[in-house]
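Spelled out, the chains give:
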Amino acid sequence: MTLNSESPSTSNRDWFFPSQSFNVPRSPARRFSSPYPRTTTSFQNSSSNFTSPLAVPRTLRRRISHRHRIQNSAGATTDEIGGKSNDAVLIQSEECPSSGNKTTTSAHKKCTDFVRWRMACVIAMVVMCFTSLLHKNFSLQFQVSDLQDEFSTLNARLRHCNISDSIGIIDSTPEHNSSSASLKNTALILSLMMFSLPLVFIKYMEYISNLRRPLDNTTEELSLNKRLAYRVDVFLSFHPYAKPLTLLIATLLLISLGGLALFGVTDDSIANCLWLSWTYVANSGNHTNSEGIGPRLVSVSVSFGGMLIFAMMLGLVSDAISEKFDSLRKGRSEVVEQNHTLILGWSDKLGSLLNQLAIANESLGGGTVVVMAERDKEEMELDIAKMEFDFRGTSVICRSGSPLILADLKKVSVSKARAIVVLAEDGNADQSDARALRTVLSLTGVKEGLRGHIVVELSDLDNEVLVKLVGGDLVETVVAHDVIGRLMIQCARQPGLAQIWEDILGFENCEFYIKKWPQFHGMQFEEVLISFPDAIPCGIKVASSGGKIILNPDDSYLLQEGDEVLVIAEDDDSYAPAPLPMVQGGNLPKNLIIPKTTERILFCGWRRDMEDMILVLDAFLAHGSELWMFNEVCEKEREKKLTDGGLDISRLANIILVNREGNAVIRRHLESLPLESFGSILILADESVEDSAIQADSRSLATLLLIRDIQAKRLPYREAMASKIHRGSSSQGSWREEMQQASDKSVIISEILDPRTKNLLSMSKISDYVLSNELVSMALAMVAEDRQINDVLEELFAEEGNELQIRGADLYLCEGEELSFYEVLLRARQRREIVIGYRLANAEKAIINPPAKTERRRWSVKDVFVIIADKE
């Protein structure tokens, strides 16, 4: 193909390989008709000497003319093609508008895409030519090498074989070499094409997307590269094994392409080439043994790809290991346990609860307790380690999560837990109970169902009905404030009762157990009462009444088939029935006459359940008793809070409310009160500081010391001197002795939240205390171990029914009378009371479920007995 002779010598070269300066300006080509009139002058008129048999398209001729005009625009003489200035202007305005014309952005983009596509075709042609030349060169070298080897082989065979055999061999060898060379060329070209096609596709993906887009499309449409990138992103994010699978495919593809390329440049078989390619990928140093330009280029390329693949593999492995360790550190891994105790939430009661569960599981060789809260796993483990108590073989596993999310509940094997404890949060009572209600809803929504029961700690008694309505038979509730408030009132009326409750509720000493004994069928409860040497029966679980527990039943009650016996024992396997002993109870020395007298009680501080405590006191105290309330809440606000809580002050039958406003930690405020005239003083953990256990205990301790000091200074001088002489102390005396003497005149019950404060009060002996958080934790642990015990605790803390009491020994025996514990027990049954323990006059602690119940001993009327009796 030639142009006319008058064209410059560079025209032929520019036809195939246009120079860099010959680029078309980046103006978008117009797809609409030019505004200028189209001339009828043909390009053929100016190139009459063009004698090529192949006709050049009109568009290409105009572009060639346009390019020559651009090259000669510096002042060079125009040729015949460039001389057609009018046609050039028309062509320029039709194909690519000048910068002076106002063109749209879409036209400019389409012109740019056309230029890029043309450059891509040129680059592809150059790459193919270079590849073909390179392959031809390698092929010729291999043929020469093969011919030399064949020549040497033929010379050797001519020496040992005849000529005819050699001729047959010579005739068959070229055909084999020709087919092998063709196969190797195909393999090399195929490998290069497979490697270059993805690169070309990725580079010109946007152009392909623009070609597929309609010309009249006015809506915005995402490009193909963005949609493909989105699909890849979704695949890598959604599928857990997407990254390893992608890496595996890339490795196999590299090995395959490398093996094909090696097969094309070497004499080895395809299997050996694939194995060699794998060695290059696995170990980048293996390519040093390659010989020749072709094998070395291929081996270096495969080794470089192998280094990238192994770098990505190392990154994936490192990320997987880091993610696993991060999951373990943050408590995201799944707990695979069965028959474990699950605790949901975090509060100050958790330490005591874990301690009680560890003691309960000690007889079983230890157990498993799983704690899940919305805290970091490391922080929870660090706080548990600071508690410094012996777990006795129990494993405590912490996990971070929310009890409101079913996925987190499934992570801690909630369906396989034998008990689930939901702790109340510190802070607002209504918000805490609302969260507990949502947690119960989440637990009831577990698809697999729950094997164990749910123990929910509530802050307000009014919310108990709603939680039980949602949870149904699965839920057991423990209202912390209600329990502690009633317990403080009982302890204020009967000093020493707090320590007894601490022994019964905790697992360290004696606690309640329920078990079935078939040998008791048909026996009366009076006979069952003295059948356990190491336990004290307290009630019957009646099978015919749906498992209802009757505490302190009649002696004449006959045990039926299926009935179970409620006892107080040291452990569930520490007691068993024995033959009935020969015991005679005898007669009571006097009738039980305990007249009610008016009392004066002081409340220091304000609690949320103040109205409930007032109602309980009104039921127990004699008519005309006074209840003084001393706190920082103004009188009008007190009445409003009590009324909102459901208390009608005008309907109080036995007590008179006396309001005093002041700060319980300021001495002059306390001195305004007649502290020496109160029979009982209750120091409550004030509502304003109950969120902080340390601050609440510090306030309670300061109030206690101030009250005892004021009481000691207001004692009559004669009583104070007589006490000092009796104690053998100096005239000056110590502050502890004065406070201990003041404690004989009135009972002070302090509500303590932190167990560490207990040691200060127990050493000083100037006050009784109620360890509220620890007692609630004990109750939660006991109900978690056996949900039936919750009915017993509810009756003992309720306003009606049976309760724990402390009574003097003079109601059951005479001074110096010698009786066994069983004989005292049978005497108490005449009043339908159950004696569960005693405290000697010179002892500090009571003994619950004493051993050697048949052994006789001499009693004093100053001793006291711990009984379970009806409140009436």
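Each remark here, short or long, concerns the structure printed above.
Criteria and thresholds
- Residues numbered from 1 in each chain as written.
- Predicted model: local features only at pLDDT ≥ 70, side-chain atom pairs only at ≥ 80, totals over all residues.
- Heavy atoms only, no water.
- Helix = DSSP H or I, 4+ residues; strand = E, 2+ residues; numbered from the N terminus.
- Buried < 20%, exposed > 50% of the residue type's maximum accessible area, 1.4 Å probe, protein only.
- Contact = heavy atoms within 4.5 Å.
- Areas by Shrake-Rupley, 256 points an atom, 1.4 Å probe, with all protein chains shown as cover.
- Pairing = 2+ DSSP bridges.
- Axes fitted to C-alpha atoms, helices over the stretch in contact; angles between N-to-C directions.
- Core = buried A, V, L, I, M, F, W, Y, C linked by side-chain atoms within 4.5 Å.
- Arc of directions from axis to C-beta.
- Phe/Tyr/Trp six-rings, centres within 6.5 Å; stacked < 30°, edge-to-face > 60°.
- Lys NZ or Arg CZ within 6 Å of the ring centre and 35° of its normal.
- 1 Å grid on protein atoms, 1.4 Å probe; cavity = no way out; pocket = protein on both sides within 12 Å on 5 of 7 lines; lining within 4 Å.
- Points joined across faces, edges and corners; volume = space filled by probe spheres on them.

**Some thoughts on the overall build of the chain**
- Within the chain one finds 29 helices and 22 strands.
- Looking at the chain as a whole, 44% of its 872 residues are labelled buried.
- The contacts of the chain with a sequence gap of at least 6 include a subset with a gap of at least 24, amounting to 75%.
- Element-wise, carbon and sulfur atoms account for 56% of the exposed surface of the chain, whose accessible area totals about 46,300 Å².

**What about the sheet that holds strand 7 (residues 511-516)?**
- Spatial ordering of the open sheet is given by 7-10-8-9, a layout of 4 strands whose pairing is antiparallel. The open sheet has two edge strands, strand 7 and strand 9 (548-551), and neither has a second partner. Shown here is a sheet whose adjacent strand axes are inclined to one another by a mean of 35°, direction ignored.
- Where strand 8 (residues 535-542) and strand 10 (residues 564-569) come together, 6 bridges link them in antiparallel fashion. Each bridged residue has a counterpart across the sheet, and for Gly 539 the counterpart in strand 10 is Leu 566.
- Helix 28 (residues 789-797) rests against strand 7, strand 9 and strand 10 of the sheet, and its axis sits at about 45° to strand 9.

**Observations regarding the pairing of strand 14 (residues 680-683)**
- Of the two faces of strand 14, both are covered, the one formed by Ser 680 and Leu 682 as well as the one formed by Ile 681 and Ile 683.
- As defined by bridge partners, strand 11 (residues 600-604) adjoins strand 14 across 4 bridges and the pair is classed as parallel. The residue bridging Phe 603 from the neighbouring strand is Leu 682, located in strand 14.

**Some points on the nonpolar core**
- Among the nonpolar cores identified, the biggest contains 125 residues, and Ile 343, Phe 512, Phe 603, Ile 614, Ile 836 and Phe 865 are the most heavily contacted of them.
- Among all residues touching Ile 614, those that are not within four sequence positions of it are Leu 627, Met 629, Leu 642, Leu 647, Leu 652, Ile 655 and Leu 657.
- Ranked by size, the runner-up nonpolar core spans 23 residues in total, among them Val 440, Val 446, Ile 454 and Leu 458.

**Re helix 28**
- Residues of helix 28 that are buried include every one of Ile 789, Asn 790, Val 792, Leu 793, Leu 796 and Phe 797, and no others. Taken end-on, helix 28 shows its buried residues confined to a sector of 160°, consistent with a single buried face.

**Describing the sheet that holds strand 20 (residues 847-848)**
- Spatially, the 4 strands line up as an open sheet ordered 17-22-19-20, and their pairing is antiparallel. Two strands lie at the open edges of the sheet, namely strand 17 (802-808) and strand 20, each paired on one side alone.
- In terms of strand pairing, strand 19 (residues 834-839) meets strand 22 (residues 864-870) through 5 bridges, oriented antiparallel. Across the sheet, the residue bridging to Arg 839 is Val 864, located in strand 22.

**Remarks on the packing of aromatic side chains**
- One pass over the full model with this rule turns up 10 aromatic pairs.
- When the ring of Phe 532 is compared with that of Tyr 575, the centres are 5.7 Å apart and the planes differ by 65°; the resulting orientation is edge-to-face. With Phe 532 in the loop between helix 19 (525-529) and strand 8 and Tyr 575 in the loop between strand 10 and strand 11, this residue pair connects regions lying 43 residues apart in the sequence.
- Given a relative accessible area of 5%, Tyr 575 falls into the buried group.
- Each ring, one from Trp 628 and one from Phe 678, has its centre 5.5 Å from the other, and the planes form 80°; the classification is edge-to-face. One end of the pair, Trp 628, is in strand 12 (residues 625-631); the other, Phe 678, is in the loop between helix 22 (667-671) and strand 14, with 50 residues separating them in the sequence.
- For Trp 628, a relative accessible area of 9% puts it in the buried group.
- Here a set of aromatic residues connected by ring pairs shows up, and it is made of Tyr 812, Phe 821, Tyr 838, Trp 859 and Phe 865.
- When the ring centre of Phe 620 is taken as origin, the NZ or CZ atom of Arg 493, which lies over that ring, is 4.7 Å away.
- Above the plane of the ring of Phe 678 lies Arg 600, whose end atom (NZ or CZ) is 6.0 Å from the centre.

**Let's talk about the environment of Gly 522**
- Tracing the backbone shows Gly 522 in the loop between strand 7 and helix 19.
- Judged by relative accessible area, which is 52%, Gly 522 ranks as exposed.
- Setting aside residues up to four positions removed in sequence, Gly 522 forms contacts with Leu 558 and Leu 559.

**Focus on helix 18 (residues 497-505)**
- Within helix 18, 9 of the 9 residues are buried, which leaves it mostly tucked inside the rest of the structure.
- For helix 18, every residue scored as buried is listed here: Leu 497, Ala 498, Gln 499, Ile 500, Trp 501, Glu 502, Asp 503, Ile 504 and Leu 505.

**A closer look at empty space enclosed by the protein**
- Enumeration over the complete set of coordinates arrives at 4 cavities of 30 Å³ or more.
- Of the volumes computed, that of the largest cavity is approximately 330 Å³.
- Lys 349, His 481, Arg 608, Glu 690 and Asn 773 are the residues nearest the centre of the largest cavity, which is lined by 22 residues in total.
- Only helix 17 (480-493) and helix 27 (772-785) provide two or more residues apiece to the lining of the largest cavity.
- Roughly 90 Å³ of internal volume is contained in the second largest cavity.
- Along the walls of the second largest cavity sit 14 residues, with Cys 604, Gly 605, Ala 664, Asp 686 and Arg 699 positioned nearest its centre.

Just geometry here; none of it tells us what the structure is for.
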